[in-house]
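# Descriptive structure summary
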Amino acid sequence: MHRSIYIETYGCQMNFADTEIVNGILREQGYELASEVDSADAIFMNTCAIRDNAEQRIYGRLSNFEHLKKRNPHLVVGILGCMAERLRANLLENNSLVDIVCGPDEYRKLPALIDQAFEGEKGIRTQLSRVETYDDIVPLRTDGISAWLSVMRGCDKFCTYCVVPYTRGRERSRSLEGVVQEVGGLIERGFREVTLLGQNVNSYIDGENDFADLLIAVADVDPGLRVRFTTSHPQDMSDRLIEAIAGHENICSYIHLPFQSGSDRILELMNRTYTRDHYLNLVRKIRTAIPDVALSTDVIAGFPTETEEEHAETLSLMEEVRFDGAFMFKYSPREKTRAWKMGDDIPEDVKGRRLEEIIDLQRRISYDINKNWIGRTEHILLEGPSKRSEDEWMGRTGTNKTVIVPRGDFSVGDTIAVRINSATSATLFGTEITNAASEAA
Ligand code: SAH
Ligand code: SF4
Ligand code: F3S
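Residues numbered from 1 in each chain as written. Chains lettered and ligands numbered in written order. Predicted model: local features only at pLDDT ≥ 70, side-chain atom pairs only at ≥ 80, totals over all residues. Heavy atoms only, no water.

Taken domain by domain, the protein holds domain 1 (4-125), domain 2 (146-371) and domain 3 (377-440). Computed from C-alpha coordinates alone, the two centres of domain 2 and domain 3 are separated by 26 Å. Tallying the contact residues gives 17 residues for domain 2 and 19 residues for domain 3. Here domain 2 meets domain 3 over a buried area of about 1300 Å², counting both sides, of which 47% is carbon and sulfur. Contact with domain 3 buries area across many residues of domain 2, yet Arg192, Arg226 and Asn370 alone supply 46% of it, more than any other trio. Summed over the shared surface of domain 2 and domain 3, the result is two salt bridges. Among the ionic pairs, Lys401 bridges to Asp324, the shortest N-O distance being 2.9 Å. The interface formed by domain 2 and domain 3 includes eleven residue pairs in polar contact (both at pLDDT 80 or more). The element best represented in the side of domain 2 that touches domain 3 is helix α14 (residues 348-371), accounting for six residues. (Domains from an automatic or database assignment. Contact = heavy atoms within 4.5 Å. Buried area = accessible area lost by both parts, 1.4 Å probe. Salt bridge = Lys/Arg side-chain N within 4 Å of Asp/Glu carboxyl O. Polar contact = N/O pair within 3.5 Å; in protein donor to acceptor, adjacent residues only side chain to side chain. Helix = DSSP H or I, 4+ residues; strand = E, 2+ residues; numbered from the N terminus.)

The structure is reproduced here in structure tokens:
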């Protein structure tokens, strides 16, 4: 009888895409995937190490498994992903519960590790690779509307606060052909949207082809497919990429463009390699080429030595750009990074207050922007029931805005024309204005 495996995923979309790769590898080897933690022979957590609180969450969850292991001493517990890569043997040494530690570039070794663990032997694999892209692995996805595809792995940017270059290793890209083929297969299975993923997709390179070429190749597979991508680095956002988005109906007018700080001195300390001016000029260029574009961003509050004036520059950049949305974080020192040596000198309460000011400002801006959408007609792709009610659908606009509509006679995967009637800072509410599902994206 084959054993069953249960995997929980934390962290970024790339980790979720990796879990599908792991599932693909395990299924190939004859393992079954358990849908519930209680019935599994092995439990894995695909983990994130980006900030300390991400890791604390994993430890908390791990302690929940203690009683399961008491009940079933043969239960195998494994840590995958970025925390596995960061902490390596420490995870085994400090936690008797853990049997397997496997980093992001070693997933092909998982079946062997699991077999050993069922024999009672703990195992660890955390070698990083310069070439592994899992290009030949077919990720195991449940049927759906929206698929995530990692097109590159790793990061060479070494922003001084960031652990990713250490947990994911060097930058490398999948083949353009492999990505296009996978997208073709997804369309046949009924997927209507793909999101191309990489820590810095702008660095994608396969021979002569850069990310603009890849994006166009994917968009050309089927004009009815919605194409998204994330994350873009402000240093490497090329004119060709902007033109590609502007020139293709089915490439969504939505760019996630983290700025991190509005202060040139802090940007330099972060090794972000651009200035405030460069960032603002880039935003202007993007908005000229793609007038309806939506922009989102990442911001860090309380980087080492950040002054009140520099924090105010972050707020003023946000006022100037008016992002549609933002992911906002308190600085969290990470061992091994260059910023670790700069200390963590901004007191917790100051960091907290700065973050709150950032969040309050963004909420106000998001609400202002969303209010302006009232009365507009938008095409949304229906993704599933809304969180609140089975009688409503949740869909998204090309600009990545969440819209709630009454269920009507529509099905998941339909694209419908909607009139926006009301808005909050996070969500739009609308009603369909045609009865026939429209093809336009
Ligand atoms: N590659 C992407 C995102 C990586 S992680 C990029 O460069 O934008 C997502 C976000 O987490 C980062 O953009 C940053 O805002 C935040 N982040 C990364 N390390 C952090 C740290 N040590 N403390 C707080 N926030 C951090
Ligand atoms: Fe981290 Fe910077 Fe790479 Fe993003 S670009 S993953 S923030 S090092
Ligand atoms: Fe976290 Fe690793 Fe993603 S650290 S954000 S899971 S690349």
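Continuing now.
This part is about the packing of helix α12 (residues 276-289) against helix α13 (residues 308-321). Direction vectors running N to C along α12 and α13 enclose 10°, while the axes themselves pass 11 Å from each other. Classified by the interaxial angle, the pair formed by α12 and α13 is roughly parallel. Remark: the crossing between α12 and α13 carries right-handed chirality. Seen from α12, the contacting residues are Arg276, Tyr279, Leu280, Val283, Arg284 and Arg287; seen from α13, they are Glu313, Ser316, Leu317, Glu320 and Val321. Its residues assigned to classes, the contact of α12 with α13 shows five nonpolar, one polar and five charged. (Axes fitted to C-alpha atoms, helices over the stretch in contact; angles between N-to-C directions. Parallel < 35°, antiparallel > 145°, perpendicular 65-115°, else oblique. Left-handed = near helix turned anticlockwise from the far one by under 90°. Nonpolar A, V, L, I, M, F, W, Y, C, P; charged D, E, K, R; others polar.)

Here we take up the packing of aromatic side chains. One pair of aromatic rings is described through two measures. These are the centre distance and the angle between the planes. Under the counting rule described, the total for this entry stands at ten aromatic pairs. Consider the rings of Phe16 and Trp148, whose centres lie 6.0 Å apart with planes at 70°: the pair is edge-to-face. On the criterion of sequence distance, the pair formed by Phe16 in helix α1 (residues 13-28) and Trp148 in strand β7 (residues 146-150) is long-range, its members being 132 residues apart. Exposure remark for Phe16: the relative accessible area of 33% places this residue in the partly exposed category. Three or more aromatic residues link up through ring pairs in this structure, and these residues are Phe259, Tyr274, Tyr279 and Phe323. When the ring centre of Phe329 is taken as reference, the NZ or CZ atom of Arg51 above it lies at 3.7 Å. Sitting over the face of the ring of Trp393, Arg407 holds its NZ or CZ atom 4.1 Å from the ring centroid. (Phe/Tyr/Trp six-rings, centres within 6.5 Å; stacked < 30°, edge-to-face > 60°. Buried < 20%, exposed > 50% of the residue type's maximum accessible area, 1.4 Å probe, protein only. Lys NZ or Arg CZ within 6 Å of the ring centre and 35° of its normal.)

Within the structure shown, the criterion is met by 39 salt bridges. For Asp210, the salt bridge is made with Arg240, and the minimal N-O distance between the two is 3.0 Å. Here Asp210, found in strand β12 (residues 209-210), pairs with Arg240, found in helix α10 (residues 239-247); they are 30 residues apart in sequence, far enough to count as distant. Since its relative accessible area comes to 22%, Asp210 is described here as partly exposed. The partner of Arg240 in a salt bridge is Asp213, with the nearest N and O atoms 2.7 Å apart. Taken as a pair, Arg240 in helix α10 and Asp213 in helix α9 (residues 211-221) lie far apart in primary sequence, 27 residues in all. Members of the salt-bridge network, linked through shared partners, are Asp18, Asp105, Arg153, Arg168 and Arg172.

Glancing now at the pairing of strand β1 (residues 4-9). Burial within β1 is extensive, with six of its six residues counted as buried. Burial along β1 is two-sided: the face carrying Ser4, Tyr6 and Glu8 and the face carrying Ile5, Ile7 and Thr9 are both buried. Relative to strand β2 (residues 32-33), β1 runs parallel, the two sharing two bridges. Paired with Ile5 across the two strands is Leu33, which belongs to β2. (Pairing = 2+ DSSP bridges.)

In this section: unusual backbone geometry. That bond from Thr230 to Thr231 is cis: its omega, 5°, falls within 30 degrees of zero. Position of Thr231 among the secondary structure elements: in the loop between β13 (226-230) and α10. Phi is positive for Tyr134, close to 55°, though the residue is something other than glycine. Locating Tyr134 in the fold gives a position in the loop between β6 (123-125) and β7. Classification of Tyr134 by relative accessible area gives buried; the value is 2%. Here the phi dihedral of Lys336 falls at roughly 85°; this positive angle occurs in a residue that is not glycine.

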